[in-house]
Structure formats: C-alpha cells, structure tokens
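Listed below, chain by chain, are the residues.
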Amino acid sequence: AEHRMRAARLEWDVSTETLPVLADHQVRGRVVVPVVIVLDAMLRAVRPLVPTAATVVRDFQVLSGVVFDETEIQSLTIDLEPAGSSYIVSVEDFQGRKRYRAVIDVNAADTSAAGGLVPQISGSAWPISVDDAYTGPLFHGRSFAAIEALDVLGSAGCTARLRGLRELGWPDDAWAIDPVIVDGGLQLAILWANANGLPLVLPQRIGRVVLHRPFGDDVLRLEAQVRHRHHGVAAFGGFRRVRPRRG
C-alpha cells in the first residue's frame, strides 16, 4: 500500500537538565542550541512517520538560533507538514516564532556513493594542535571535543579524525545521527576558515544531509571540501570511515 503522509506536531523541551552536555556548548556564558541537536530532533520527529530510514535533509536553516541561560528550560515545538513526498519541518518557540526550518525527503536517499562525496585532500600539516584549537577559535567544551587529530590542511579542504558521542560519554538516547561527529565536521569548517583568514560564524545553513547508513562506533576520518562563498562561509563535504587505532 502507498504510504500516506500526515502532519504532526511534537513538544520539545530543551535544557541542561534534560541534556547536560549542552553546558559544554556556550558562547559568552549562555547555552547555544547546536544545529546538530536540532537536526537530530527533526530526524527523530519524522522517523515514526516514514516507512523506511531513507531520508535526505535539504536546506536546513537557522532562522533565529535558540540561546538561553544554563538554568532555563526552552519549550519548543516541532511541526511537520507534508509537501508531496517531503516534510517541511519547522521548530517554533513558545511564542510561535519559527527558529529553525528544513525539508526532509522520505524514500529519496541520495544515490551518490558515500565514499565519493569529497575528493582526496592534499596539503600540509596544521599549524595548530587540537588543544590550541579548543582554546580558540573553537569554544566547545569537553562533551563537544569531537576532533581527535588534525591531519591535513590544504587550500581546497582539510581532514581530521573525529570521536563520537559514546567516546565522549553522551547518554544512549536513540539518536538519529551522531551529533558529536557531525558537529566535529562543522568545527573543522570553522578551523579551516580561521586558517584562511575568513570570518568565523556559527553555522546558519546546511544545504544537504544524506544518511547513507547508521553511524557506528568507528573512529572516522572527516574529509572536508571547503570553499569561500560570497558571505565567507566554509562548507564541509562528508565522512569516510577509517579503522580505529590500535594500542
């Protein structure tokens, strides 16, 4: 039988009490809800409504990021509106203002091979260490310290090895993605921008997210294809799996 799309609306409370790792994602003393947490919440919201896990997220936008004091609770809602074979997903605050938006295509996973998302990256060693990166320009605390090692820095991209949520002690919470690994990709884009003298900004838009298969426990090598757009934003391309180091 043909799958019938249907609308849905879910309540979503965000706080450091319900997810303590958010305390490690603060800017100027206030918690900034990571885009990866919103992306995961959207995918979890749509999961009961789709017959398979084959999904592509398009045009994820931060309309007005959610920022709050560590002791506060943010009461949000996730709205899913059918649009053909897609869902338009928006996150609203308690006043009904849209804060995030994305389009999720169901049963339409990208057909490109996972290993071919980005080209091989050539370059030289990074001029900073991982510890220096997390002292600045990155603001992320221990729970978001996804970068294990910085490998190659080039004019067209960069590579690094990343840790996942289990390695950093996150709760086992039926995640749709590994938020730590995906945030590590965004962190790497910030580092590449910094190394190339570009403005440093929090992520405002993700053009496309393709889920080829579930995230595992492997250490990953992130290969990032980055480029200078008119507003100075670096973009990363995809992940390749590498064997965990022994010993």
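Structure report, in brief. (Residues numbered from 1 in each chain as written. Predicted model: local features only at pLDDT ≥ 70, side-chain atom pairs only at ≥ 80, totals over all residues. Heavy atoms only, no water.)

**Overview of the environment of I78**
What counts, and what does not: Helix and strand assignments come from DSSP, with helices taken as H or I runs of at least 4 residues and strands as E runs of at least 2, each series counted from the N terminus.
Along the chain, the position of I78 falls in strand β6 (residues 74-83). Through-space distance from the C-alpha of I78 to that of R101 is 9.6 Å; in sequence the pair is 23 residues apart.

**So, the sheet that holds strand β2 (residues 26-27)**
Worth spelling out the cut-off: The pairing criterion for strands is at least two bridges between them, as found by DSSP.
Strand order in the open sheet formed by three strands is β2-β3-β5, and the pairing between neighbours is antiparallel. Single-partner strands in this sheet number two, and they are β2 and β5 (67-68). With two bridges connecting them, strand β3 (residues 30-32) and β5 associate as antiparallel partners. The residue of β5 that forms the bridge with V31 is F68.

**Re helix α3 (residues 179-195)**
The following threshold applies: By definition here, a helix of n residues has an expected span of 1.5 Å times n minus one. Here a polar contact is taken to be a pair of N or O atoms separated by no more than 3.5 Å, where protein atoms must pair a possible hydrogen donor with a possible acceptor and residues adjacent in sequence count only if both atoms sit in side chains.
The terminal C-alpha atoms of α3 lie 24 Å apart, and with 17 residues this matches the ideal 24 Å at 1.5 Å per residue to within 8%. Near the N-terminus of α3, the side chain that reaches the backbone nitrogen of V180, with its oxygen 3.0 Å away, is that of D178. Taken from the residues just after α3, G197 is the one with a positive phi, measuring 70°.

**Focus: the packing of helix α1 (residues 35-46) against α3**
Keep this limit in mind: Angles here are taken between N-to-C directions and fall from 0 to 180 degrees, while the axes themselves are lines fitted to C-alpha atoms, restricted in helices to the stretch in contact. The cut-offs work like this: below 35 degrees is roughly parallel, past 145 is roughly antiparallel, 65 to 115 is roughly perpendicular, and the gaps in between are oblique. Note on convention: near helix rotated counterclockwise from far helix by under a right angle means a left-handed crossing. Clockwise means right-handed. Note on definitions: a residue-residue contact is assigned when non-hydrogen atoms from the two residues lie within 4.5 Å. Gly falls in the polar group here, along with every residue not listed as nonpolar (Ala, Val, Leu, Ile, Met, Phe, Trp, Tyr, Cys, Pro) or charged (Asp, Glu, Lys, Arg).
Running from amino to carboxyl end, α1 crosses α3 at an angle of 135°, the nearest separation of the two axes being 9 Å. The orientation of α1 with respect to α3, classified from their angle, is oblique. Considering the relative orientation of α1 and α3, their crossing is right-handed. Each of V35, V36 and I37 in α1 lies in contact with α3, whose residues at this interface are P179, V182, D183 and L186. Here the residues of the contact of α1 with α3 are counted per class, giving six nonpolar, no polar and one charged.

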